[in-house]
Amino acid sequence: MTKASAKMKNPAKFLFVGALLGCLVSCGGKSGTSGSAGQQERTTFPRAETLYLAGFQWGAPNTFNPLIDQPAWPIYGPPFNLMYEPLVLYNTLSGKMDPLLASVHEQTADHISVIMNPAARWSDNKPLTAADVTFTFEIGKRFKSAPVSYVWDFVSKITVEKVADPAGGGGKELEKVTFHVNKEKENNQLALLNILKSFQILPSHVLEARLKALDGNFSELQKDSMDKDPVVSGPYNLHAYSPEKIILERRDAYWGNKALYGGRMPQPKYIIHPIYKSNDHFSIALQKGDLDVNSNFIPRIWLKFKSGVGTWFKDPPYFEPGSIPMFTINTTRYPLSDRNYRRAMAHAINYTNVKELAVSGYSPDLNPGLILPFGNEAAYFSAEDAAKYGAGHDLDRAKQVLADAGYTSIFKDGKLDHMENAKGEKVPTMRIRSPAGWSDWESIVKIAVKDLRAAGIDVREGFCDEGLYWQTLPTGNFDLMLQTPEASLSPALPWSRFKAVMASRNWKPEGEKMNENQGRYNSPKGADYNPRVDELIQIIPNLANEEAKKAAYRELNVIFMKDQPALPVVYRPEEFYDFSTKHWTNFATKDNPYAPPQLPCFGAGRNMLWEIKPVQ
């Protein structure tokens, strides 16, 4: 599995497979090479100047337009920053915001302000200013179909003023942009921090002119693939693409080289993102050195170390855990609407087998609840509550919970045939949906289904095409769905994970799109609605007292464990970060932590591009 999130994310959604052919022109990209011979590609893209990177998209690139929900890599997703850049980078090692287009200046319960970097430039050499920032976000106010539109639930207004350079600067004035908390809606300063690192700033002078030429028709602007010499601020730009790969080329005149990196350029001149059909292909390519850095799951990674493969840690768990894959449950469908049925499912799954067999031990032991018991979230985790309220693996307990709730499991020839409820009615068979080809997720589903059926719970596998997976997730057209809510690390965790799983302020029935609580738990119109859930999600971001915050998180986590609206199954890194030293060296590791364990196109992991070195 490769997604960093669903919306972050994942996280990123669609990419592609193999070797650059003549369809570059028909796809709209610039031709970089032709023919099928690997030797010709090596001539066109010298190996000592080319970084092969993979793991963020599984289909042909549809568009590079940042104004739609699902453009191709490297546009899609909050953490990607090689072409268009966000205001700041979230550094997962320090837990702080690193400066980029701007730096965080002030943070209060009412607003967050940033100071713009006066050195920032677009690729057409025009200054990147506060006008571009306001344009980027106000697009969401002007056009509701823009991906940035939801920001206005959190931001009431954006103001700009000139201020003296906080660092001195000889009296020079700089632009200060202030994001004001929307007190009438979400009233959430944590979300503002996420917004600063999540949205790529766009060139107002280019896009406003295109809008004007289209008589303000935003839907027509969204149809533009924006693949021909796009005006960007980042260190790379689109060179060519096909249904088989995307190629980026370094911008030697990138403004950040001097302003952020001491006048140095990124080491790779080209970054090529090849895409294969399954995780097995990624594993082989990494071992052979055809792939330099990868975010796809590779089983038993330690067996590849002798081939020059490396990971963040030299020893288990090899990767830094940071997210919680889980079975999102459609709680509006019977029998999943029954809390007892969900609790029985939670008891039935053997989480140790999931950890050891599905993800090669790349995880600490799973604890009940939605809070990671380590790292920055550990302060809010209660082992006492987990032991008292959590539904850990216990097959006999799972069977007892079902029996007490009136369910009977009917076996024929030693195999589960169906279930019946207390009225003797046949209970519908449930299916767990997950994308075909994500080998670690396929294994998780298979292990869970085996355990659930052993407990007498009628659940089947439901693997599907990745495109269908992403389409059905927001509409709720599923029984159970394996996903990772809030896959990207951020300063808003664990609050944002609770919101993603449990918040019902924007609750919609199945068939309508929801970008949070996609299991439709705790309907405000339901007889069992618990308003305390939304109250806690609302107040936590504004609690200044740390003890009060701990108490609120503890209460919310107990509600989750009692109601079990989702089934956490394992811990997972923000992204699998592994690399080959066959052609490039000096990748960041725990022993050399100059950048976080992220691919060098993602968040602060991009700093590696200035530090890695080609093998001579």
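All values derive from a computational prediction rather than experimental measurement.

Caption draft 1: Layout of the overall build of the protein. Scanning the protein from N- to C-terminus turns up 17 helices and 25 strands. Seen through its principal axes, the protein has C-alpha atoms that stretch 75 × 55 × 50 Å. The buried share of the protein, taken over its 616 residues, is 60%. Of the accessible surface of the protein, which amounts to about 23,700 Å², a share of 49% is contributed by carbon and sulfur atoms. Of the side-chain charges in the protein, 71 are positive and 68 negative, and the distance between the mean point of each set is 2 Å.

Caption draft 2: Structural detail: the side chain of Asp385. Following the sequence through the fold, Asp385 ends up in helix α11 (residues 383-389). Residue Asp385 is classed as buried on the basis of its relative accessible area of 6%. Side chain to side chain, Asp385 and Arg554 meet in a polar contact 2.5 Å long. If near-sequence neighbours (up to four positions away) are discounted, Asp385 is found in contact with Gly390, Arg554, Val558 and Met561.

Caption draft 3: Highlighting the packing of helix α9 (residues 339-348) against helix α12 (residues 395-404). Look at α9 against α12: their axes get within 7 Å of each other, and the N-to-C directions meet at 165°. Relative to α12, α9 is oriented roughly antiparallel. Seen from above, α9 lies across α12 with left-handed handedness. Between α9, through Asn340, Tyr341, Ala344, His347 and Ala348, and α12, the contact on the second element is made entirely by Leu395, Arg397, Ala398, Val401 and Leu402. Class assignment for the residues of the contact of α9 with α12 results in 7 nonpolar, 2 polar and 1 charged.

Caption draft 4: Quick look at the sheet that holds strand β16 (residues 415-420). Taken in spatial order, the 3 strands line up as β15-β16-β17 in an open sheet, and their pairing is antiparallel. Pairing within the sheet leaves two strands with one partner each, and these edge strands are β15 (408-412) and β17 (426-427). Where β15 lies against β16, 5 bridges are found, and the strand directions are antiparallel. Counterpart to Phe411 in the pairing with β16 is Leu416.

Caption draft 5: Just the confidence of the model for the protein, in detail. Of the residues in the protein, 92% have a pLDDT of 70 or more, and the chain-wide mean is 90. pLDDT under 50 marks residues 1-40. Its contacts with residues more than four places away, or in other chains, come to 166 contacts.

Caption draft 6: Representation of the packing of α9 against helix α17 (residues 546-563). Where α9 contacts α17, the two axes come as close as 8 Å, and the packing angle between them is 95°. On the basis of their axis angle, the class for α9 and α17 is roughly perpendicular. Together, Arg339, Arg342 and Arg343 of α9 and Met561, Lys562 and Asp563 of α17 make up the contact between the two elements. Looking at side-chain class alone, the contact of α9 with α17 contains 1 nonpolar, no polar and 5 charged residues.

Caption draft 7: Quick peek at the pairing of strand β2 (residues 88-91). Where burial is concerned, the two faces of β2 agree: the one with Val88 and Tyr90 and the one with Leu89 and Asn91 are both buried. Across 4 bridges, β2 lies against strand β3 (residues 96-99) in antiparallel orientation. Following the sheet pairing, Tyr90 is matched in β3 by Met97. Hairpin connection, β2 to β3: the antiparallel pair is bridged by 4 residues, and Gly95 has positive phi, about 75°.

Caption draft 8: Just the environment of Ser323, in detail. In this structure, Ser323 sits in strand β13 (residues 321-323). For the pair formed by Ser323 and Arg210, sequence separation is 113 residues and the distance between their alpha carbons is 40 Å. Those residues in contact with Ser323 that sit more than four places away from it in its chain are Leu372, Thr484, Glu486, Ala487, Arg497, Val570, Tyr571, Arg572 and Pro573.

Caption draft 9: Representation of the packing of aromatic side chains within the structure. This structure, assessed with the given rule, holds 33 aromatic pairs. Aromatic side chains Phe45 and Tyr270 sit 4.8 Å apart centroid to centroid with 80° between the ring planes, which places their arrangement in the edge-to-face category. Pair noted here: Phe45 is in the loop between α2 (38-44) and β1 (50-54) and Tyr270 is in strand β10 (residues 270-274), with a separation of 225 residues, a long-range link. Its relative accessible area of 1% is what places Phe45 among the buried residues. Judged by relative accessible area, which is 9%, Tyr270 ranks as buried. Centre to centre, the rings of Phe579 and Phe587 are 4.9 Å apart; their planes meet at 25°, and the pair counts as stacked. On the basis of relative accessibility, which here comes to 6%, the residue Phe579 falls in the buried class. For Phe587, a relative accessible area of 5% translates into the label buried. Members of the aromatic cluster, joined through ring pairs, are Phe297, Trp302, Phe305, Tyr318, Phe319, Tyr362 and Phe576.

Caption draft 10: Seen up close, the sheet that holds strand β19 (residues 459-464). Within the open sheet, the 5 strands sit side by side as β19-β18-β20-β14-β21. Their pairing is mixed. The sheet terminates laterally at β19 and β21 (566-568), the two strands that pair on one side only. Going across the sheet, the axis of each strand differs from the next one's by a mean of 25°, ignoring polarity. Summarising the sheet, strand β18 (residues 430-435) and β19 pair through 6 bridges and their orientation is parallel. For Ser434, the partnering residue across the bridge sits in β19 and is Phe463. Along the sheet face, helix α13 (residues 439-454) touches β14 (326-329), β18, β19 and β20 (480-483) and points at about 165° away from the line of β19.

Caption draft 11: Just the side chain of Thr331, in detail. Note that Thr331 resides in the loop between β14 and α9. For Thr331, a relative accessible area of 10% translates into the label buried. Of note is the side chain of Thr331, whose polar atom sits 3.0 Å from the backbone oxygen of Arg520. If we ignore the near neighbours within four places in the chain, the residues touching Thr331 are Leu336, Ser337, Arg342, Gly519, Arg520, Tyr521 and Pro565.

Caption draft 12: Spatial organisation of helix α3 (residues 130-142). Taking 1.5 Å of rise per residue, 13 residues should cover 18 Å, and α3 covers 18 Å from first to last C-alpha, within 8% of that figure. Every buried residue belonging to α3 is among Ala130, Asp132, Val133, Thr134, Phe135, Thr136, Phe137, Ile139 and Gly140, and all of these are buried. Buried positions along α3 lie against β5 (111-116), β6 (155-164), β7 (173-181), α4 (189-198), α5 (204-213) and α6 (218-222).

Caption draft 13: Structural detail: the pattern of salt bridges. Scanning the model with the defined rule gives 28 salt bridges in all. As a salt-bridge pair, Asp290 and Lys288 come within 3.7 Å of each other at their nearest N and O atoms. Residue Lys412 is joined to Asp417 by a salt bridge in which the shortest nitrogen-to-oxygen separation is 4.0 Å.

Caption draft 14: Region of interest: the pairing of β7. Burial analysis of β7 places 7 of its 9 residues in the buried class, which makes it a mostly covered element. Summarising the sheet, β5 and β7 pair through 5 bridges and their orientation is antiparallel. What sits directly across from Ile112, in β7, is Phe179. In terms of strand pairing, β6 meets β7 through 9 bridges, oriented antiparallel. Bridging from a neighbouring strand, Val163 pairs with Leu174 of β7.

Conventions used here
- Residues numbered from 1 in each chain as written.
- Predicted model: local features only at pLDDT ≥ 70, side-chain atom pairs only at ≥ 80, totals over all residues.
- Heavy atoms only, no water.
- Helix = DSSP H or I, 4+ residues; strand = E, 2+ residues; numbered from the N terminus.
- Buried < 20%, exposed > 50% of the residue type's maximum accessible area, 1.4 Å probe, protein only.
- Areas by Shrake-Rupley, 256 points an atom, 1.4 Å probe, with all protein chains shown as cover.
- Lys, Arg positive; Asp, Glu negative; His and termini not counted.
- Charge placed at Lys NZ, Arg CZ, Asp CG, Glu CD.
- Polar contact = N/O pair within 3.5 Å; in protein donor to acceptor, adjacent residues only side chain to side chain.
- Contact = heavy atoms within 4.5 Å.
- Axes fitted to C-alpha atoms, helices over the stretch in contact; angles between N-to-C directions.
- Parallel < 35°, antiparallel > 145°, perpendicular 65-115°, else oblique.
- Left-handed = near helix turned anticlockwise from the far one by under 90°.
- Nonpolar A, V, L, I, M, F, W, Y, C, P; charged D, E, K, R; others polar.
- Pairing = 2+ DSSP bridges.
- pLDDT = per-residue confidence, 0-100.
- Phe/Tyr/Trp six-rings, centres within 6.5 Å; stacked < 30°, edge-to-face > 60°.
- Expected span 1.5 Å × (residues − 1).
- Salt bridge = Lys/Arg side-chain N within 4 Å of Asp/Glu carboxyl O.

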